[in-house]
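Coordinate analysis (summary)
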Amino acid sequence: QELIDSISRKLQVLRDARETLLEDIQCNNALGEEVEVIVKEVCKPNEFDKFRMFIGDLEKIVNLLLSLSGRLARVENALNNLDETASQEERRTLVEKRKLLTRQHEDAKELKENLDRRERTVYEILANYLNEENLADYEHFVKMKSALILEQRELEDKIKLGEEQLKCLTDSLIIERVK
């Protein structure tokens, strides 16, 4: 019961942190919208399109990398935790899955490298139009967008793990009381 109470308190702390993080994400998105309005006013349409495409792809590629990293880690753990009784088929399936995820992860890293080059291009374009303060806002927005996505994913994973632990403990307590 003490363990259940402890995990419940930690889960509440994590949920509170998630609320604060969501507020930070909203603030950063608002900053991004302000920057976008300014960029739209001062840049040529094709330059603005590059900016918009970069910002849209940033979130997609960061999420893709995080997702593939997580899936790859789970497959690695499953492979490492296989015991002698596991069938060859089970082992082979996991090895194939690892190969596929590794290739996909490598492809996603290439996309990220391409995105980093595009980020430099967009920065150079914006440096021609924006004043120092607006350029700093753009840089801050981009840096924080990636960091906040990462932090949100980690927090969600911790909450999910805590909820699973809590459910297992609660279920085991119920079973003990029934005996």
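Here, residues in each chain are numbered from 1, in the same order as that chain's written sequence. Reporting of local features is limited, given that this is a predicted model, to residues whose pLDDT is at least 70; pairs of side-chain atoms are given and counted only at 80 or more, and all residues count toward the totals for whole chains, interfaces and linings. Computation of side-chain values: all heavy atoms of the structure, hydrogens and water removed.

By the naming in an unreviewed UniProt entry, the chain is ASD2 domain-containing protein, taken from Aquarana catesbeiana. UniProt positions are given in the numbering used here, feature names are shortened, and annotations may be inferred rather than shown by experiment. UniProt, in its Sequence similarities (unreviewed entry) section for the chain, records the words "Belongs to the shroom family."

Notes on the overall build of the chain
The way it works is that DSSP assigns letters per residue, a run of H or I at least four long becomes a helix, a run of E at least two long becomes a strand, and they are numbered from the N terminus. Secondary structure assignment for the chain yields four helices and zero strands. Scanning the chain from its N terminus toward the C terminus, one meets helices and strands in the order α-α-α-α. Radius of gyration: C-alpha atoms only; globule rule: 2.2 Å multiplied by the number of residues to the exponent 0.38. A compact globule built from 179 residues should have a C-alpha radius of gyration of about 16 Å, whereas the chain, at 22 Å, is more than 25% larger. Along the three orthogonal principal directions, the C-alpha set of the chain runs to about 70 × 40 × 20 Å. Residue burial is assigned from relative accessible area. The probe radius is 1.4 Å, only protein chains are included, and a residue is buried under 20% of its type maximum, exposed over 50%, and partly exposed in between. A buried classification covers 28% of the 179 residues belonging to the chain. Surface exposure here means Shrake-Rupley accessible area, sampled with a 1.4 Å probe, where a residue is shielded only by the protein chains that are shown. Just so you have it, the chain exposes about 12300 Å², and 51% of that area is on carbon and sulfur atoms. This count recognises Lys and Arg as positive and Asp and Glu as negative, with His and chain-terminal groups excluded. Every charge is mapped to an atom, namely NZ of Lys, CZ of Arg, CG of Asp or CD of Glu. Across the chain, the 30 positively charged side chains and the 39 negatively charged ones have centroids separated by 6 Å.

Re helix 4 (residues 132-178)
One less than the number of residues in a helix, times 1.5 Å, gives the span that helix is expected to have. Taking 1.5 Å per residue as the helical rise, helix 4 with its 47 residues ought to reach 69 Å, and the 68 Å between its terminal C-alpha atoms agrees with that figure. Among the residues making up helix 4, those that are buried are Asn134, Leu135, Tyr138, Phe141, Val142, Lys145, Leu148, Ile149, Leu155, Ile159, Gly162 and Leu166. Here, residues are in contact when the closest pair of their heavy atoms is within 4.5 Å. On its buried face, helix 4 is in contact with helix 1 (2-42), helix 2 (45-80) and helix 3 (88-127). Pairing of N or O atoms within 3.5 Å defines a polar contact, subject to two protein rules: one partner must be a possible hydrogen donor and the other a possible acceptor, and residues neighboring in sequence count only if both atoms are side-chain atoms. Its side-chain oxygen 3.1 Å from the backbone nitrogen of Glu133, Asn131 forms the N-cap of helix 4.

What to know about the pattern of salt bridges
The salt bridge criterion pairs a side-chain nitrogen of Lys or Arg with a carboxyl oxygen of Asp or Glu, the two atoms within 4 Å. Evaluated as defined, the whole model comprises 11 salt bridges. Between Glu156 and Arg18 there is a salt bridge, and its shortest N-O distance comes to 3.2 Å. With Glu156 in helix 4 and Arg18 in helix 1, this pair connects stretches of sequence that are 138 residues apart. The class of Arg18 is partly exposed, set by a relative accessible area of 22%. Residues Glu106 and Lys109 are paired through a salt bridge, measuring 3.3 Å at the closest nitrogen-oxygen approach.

Observations concerning a negative patch on the surface
Two joining distances apply to patches: 9 Å for like charges and 5 Å for nonpolar side chains (Val, Leu, Ile, Met, Phe, Trp, Tyr), and every residue must have over 30% relative accessible area and no salt bridge. On the surface, Asp16, Glu19, Glu23, Asp24, Glu151, Glu154 and Asp157 cluster together into a patch of negative charge. Contributions of two or more residues to the negative patch are made by helix 1 and helix 4. Ranked by residue count, the leading element in the negative patch is helix 1, at four residues. Structurally, Asp16 can be placed in helix 1. What makes Asp16 partly exposed here is its relative accessible area of 42%.

What to know about the packing of aromatic side chains
Working definition: rings of Phe, Tyr and Trp (its six-membered ring) pair if their centres are within 6.5 Å, and the pair is stacked with planes under 30 degrees apart, edge-to-face with planes over 60 apart, and tilted otherwise. Scanning the entire structure with this criterion turns up two aromatic pairs. Here the aromatic rings of Phe48 and Phe51 are separated by 6.1 Å at their centres, their planes lie at 25 degrees, and the arrangement is stacked. One end of the pair is Phe48 and the other is Phe51, both in helix 2 and three residues apart, which spans about a single turn. The class of Phe48 is buried, set by a relative accessible area of 9%. Residue Phe51 is classed as buried on the basis of its relative accessible area, which comes to 2%. Considering the side-chain rings of Phe51 and Tyr138, the 6.1 Å spacing of their centres and the 50 degrees angle between planes classify their relative orientation as tilted. Here Phe51 is found in helix 2, whereas its partner Tyr138 is found in helix 4, with 87 residues between them in sequence. Judged on exposure class, the residue Phe51 and its partner Tyr138 are both buried. One aromatic cluster is present, formed by Phe48, Phe51 and Tyr138 through successive ring pairs.

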